[in-house]
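Architecture at a glance
The primary structure of each chain is shown beneath.
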Amino acid sequence: MNYRYRIYPTITQEQTLLEWMDICRVAYNYGLREIKDWCNSRKCMVDRCSISHEYIIAADVPFPSEVRQLNALPKAKKVFSRLSEVPSQVLQQTLKQLHRAWEGFQKVGHGFPRFKKFGQFKSLLFPQFKQNPVQGVHIALPKLGLIPINLHRPIPNGFVVKQVRIINKANVWYASINIQCDVNIPSPMPHGHPIGVDVGLEKFLATSDGVLVKSPKFLKVMQRRLSRKKKRSKNYEKQRIKVARLHHRIDNTRKDYHFKQAHALCDAGDMVFMEDLDYRTLAKGMLGLQMLDAGFGQFRTITKYVCWKRGKFFAEVSARGTSQECPECGAEVRKDLSVRVHHCPSCNYTTDRDVASGQVIRNRGIKLISTDGQSGIQNAYADGLPGTEEIQSRSKSKTRKTGIERSRKEATRKTKK
């Protein structure tokens with residue numbers, strides 16, 4: 001687990017940390033430059049060169065891999081004396097960070113790694129310690145000494161400090177301490193009272209039990225003053241820090257709100273079910289600003305973590321048609337976004353639209369864990385629940401019919417006529 005604490009370095013220590021971050025940024029860019037040059041030298045044709053420019057690197061020169069660049073650090077320190085100012089392990093972690101980004105580009109499909117501009121390198125990772133660096137109200141770091149730390153919650157007994165990452169956010173310094181305990185934690189099994197959660201913009205969330213939570217508003221507009229300042233001037237930097245601190249405070253407020261709502265859900269039930277939605281795609285739509293303000297993706301991640309930590313079962317179900325279905329009889333009830341009350345003409349069931357969606361999500365979650373055969377819950381939970389049939393996820397498109405199938409269906413239709 002990661003525990004984040006506020007630290008208060010002195011002016012000298014703060015200047016040293018900023019200098020180390022800039023040195024690591026230069027090392028990161030240098031390693032990325034080597035990779036790009038090697039790749040560009042392999043782009044030309046076998047029998048010709050480019051008219052505009054060409055990267056000439058011998059054909060037998062190997063790719064600048066992580067191991068080769070790490071082995072080249074001792075020689076680089078003799079040429080560039082600035083590299084010796086940074087702890088060796090911190091510098092090594094910078095190159096490892098570069099190659100993690102390169103592997104993400106090659107294997108996962110992320111974008112090509114970018115060069116870090118001045119001020120864009122915001123953290124340093126200390127990966128190893130001989131002894132516990134947290135000493136009372138201070139944290140001991142190599143070449144820096146003791147730094148005051150606000151230990152607002154103690155490190156639990158049995159946990160060992162593995163890594164410490166120093167982070168600078170809006171000129172505020174934090175220490176993210178990675179703690180580890182070698183114990184086996186079983187995954188929570190389905191049990192107890194189920195709750196379906198439907199999130200939205202008008203109401204932040206609505207549960208299947210009828211609980212409605214009003215959507216808070218976090219974002220504020222303060223960039224107008226910043227846009228009027230001359231870039232790179234002192235006034236521009238002052239205003240930039242003000243805007244950064246404002247967004248940082250909004251981020252902390254939003255995260256605190258999400259944790260409180262996640263704990264409230266765990267207090268109300270033993271099984272929590274949510275929709276399987278791609279919030280990054282939804283944030284690119286017309287209501288993208290409101291989606292980003294609510295932070296539904298972060299809320300889902302935090303809810304999943306809190307459920308795991310408190311021994312509650314968490315699962316995601318298909319989101320297709322949750323608002324167009326009756327939770328009592330399973331009939332399809334079409335309604336626009338302007339209709340905020342669910343009324344089923346088949347069974348006359350009436351309730352809030354978002355509450356009905358939460359109940360459909362709950363029914364699908366119960367059906368999901370019943371068909372999976374997970375222990376700890378009876379299959380009788382799903383008996384008689386509507387809307388528990390197999391429903392296609394939004395992320396999977398329907399298979400298109402081939403021309404042969406269409407022609408066969410048309411021929412059959414004409415024969416019947």
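The structure we're discussing is the one just above.
My aim in this report is to walk through the structure given alongside it, one point at a time. Small disclaimer: the values here were computed from a predicted structure and weren't measured. (Residues numbered from 1 in each chain as written. Predicted model: local features only at pLDDT ≥ 70, side-chain atom pairs only at ≥ 80, totals over all residues. Heavy atoms only, no water.)

In terms of regular secondary structure, the chain is built from eleven helices and 14 strands. Split into buried and exposed, the 417 residues of the chain put 38% on the buried side. The contacts in the chain between residues at least 6 apart in sequence include a share of 67% that link residues at least 24 apart. In the structure as shown, the chain presents an accessible area of about 25,800 Å², 52% of it carried by carbon and sulfur atoms. (Helix = DSSP H or I, 4+ residues; strand = E, 2+ residues; numbered from the N terminus. Buried < 20%, exposed > 50% of the residue type's maximum accessible area, 1.4 Å probe, protein only. Contact = heavy atoms within 4.5 Å. Areas by Shrake-Rupley, 256 points an atom, 1.4 Å probe, with all protein chains shown as cover.)

Relative orientation of the contacting elements helix α6 (residues 234-268) and helix α9 (residues 296-310) amounts to 45°, with a least axis distance of 9 Å. Between α6 and α9, the interaxial angle falls into the category oblique. The hand of the α6/α9 crossing is right-handed. The segment α6 lies against α9, with Asp251, Arg254, Lys255, His258, Phe259, Gln261, Ala262, His263, Leu265, Cys266 and Asp267 engaging Gln298, Phe299, Ile302, Thr303, Tyr305, Val306, Cys307 and Arg310. Class assignment for the residues of the contact of α6 with α9 results in nine nonpolar, five polar and five charged. (Axes fitted to C-alpha atoms, helices over the stretch in contact; angles between N-to-C directions. Parallel < 35°, antiparallel > 145°, perpendicular 65-115°, else oblique. Left-handed = near helix turned anticlockwise from the far one by under 90°. Nonpolar A, V, L, I, M, F, W, Y, C, P; charged D, E, K, R; others polar.)

This next bit is on the packing of helix α1 (residues 11-40) against helix α4 (residues 88-108). Running from amino to carboxyl end, α1 crosses α4 at an angle of 40°, the nearest separation of the two axes being 9 Å. In terms of orientation, α1 and α4 fall into the oblique class. Relative to α4, α1 is oriented so that their crossing is right-handed. Across from Cys24, Ala27, Tyr28, Gly31, Leu32, Ile35 and Cys39 in α1, the residues of α4 making contact are Val90, Leu91, Thr94, Leu95, Gln97, Leu98, His99, Ala101 and Trp102. Each residue belonging to the contact of α1 with α4 can be placed in one class, and the counts come to twelve nonpolar, four polar and no charged.

Let us now look at the packing of aromatic side chains. For the structure on display, the rule yields 14 aromatic pairs. An angle of 85° between the planes, with centres 5.6 Å apart, marks the rings of Trp102 and Phe112 as edge-to-face. Taken together, the positions of Trp102 in helix α4 and Phe112 in the loop between α4 and β2 (123-126) put the pair ten residues apart, joining distant regions of the chain. Taking 6.0 Å as the distance between ring centres and 65° as the angle between the ring planes, the aromatic pair formed by Phe218 and Tyr257 counts as edge-to-face. With a gap of 39 residues between them, Phe218 in the loop between β10 (212-214) and α5 (223-228) and Tyr257 in helix α6 connect regions that are remote in the sequence. (Phe/Tyr/Trp six-rings, centres within 6.5 Å; stacked < 30°, edge-to-face > 60°.)

One non-glycine residue, Ala170, lies in positive phi territory at about 55°. Among the structural elements, Ala170 can be located in the loop between β6 (160-169) and β7 (172-180). Note on Ala170: relative accessible area 18%, which makes it buried.

For the rest of this paragraph, the subject is the pattern of salt bridges. For the coordinates displayed, the defined rule picks out 17 salt bridges. Close ionic contact of Arg340 with Glu202 constitutes a salt bridge, the shortest N to O distance being 3.0 Å. Taken together, the positions of Arg340 in the loop between β12 (313-317) and β13 (341-343) and Glu202 in the loop between β8 (194-199) and β9 (203-207) put the pair 138 residues apart, joining distant regions of the chain. Residue Arg340 is classed as partly exposed on the basis of its relative accessible area of 24%. For Glu202, a relative accessible area of 49% gives the class partly exposed. (Salt bridge = Lys/Arg side-chain N within 4 Å of Asp/Glu carboxyl O.)

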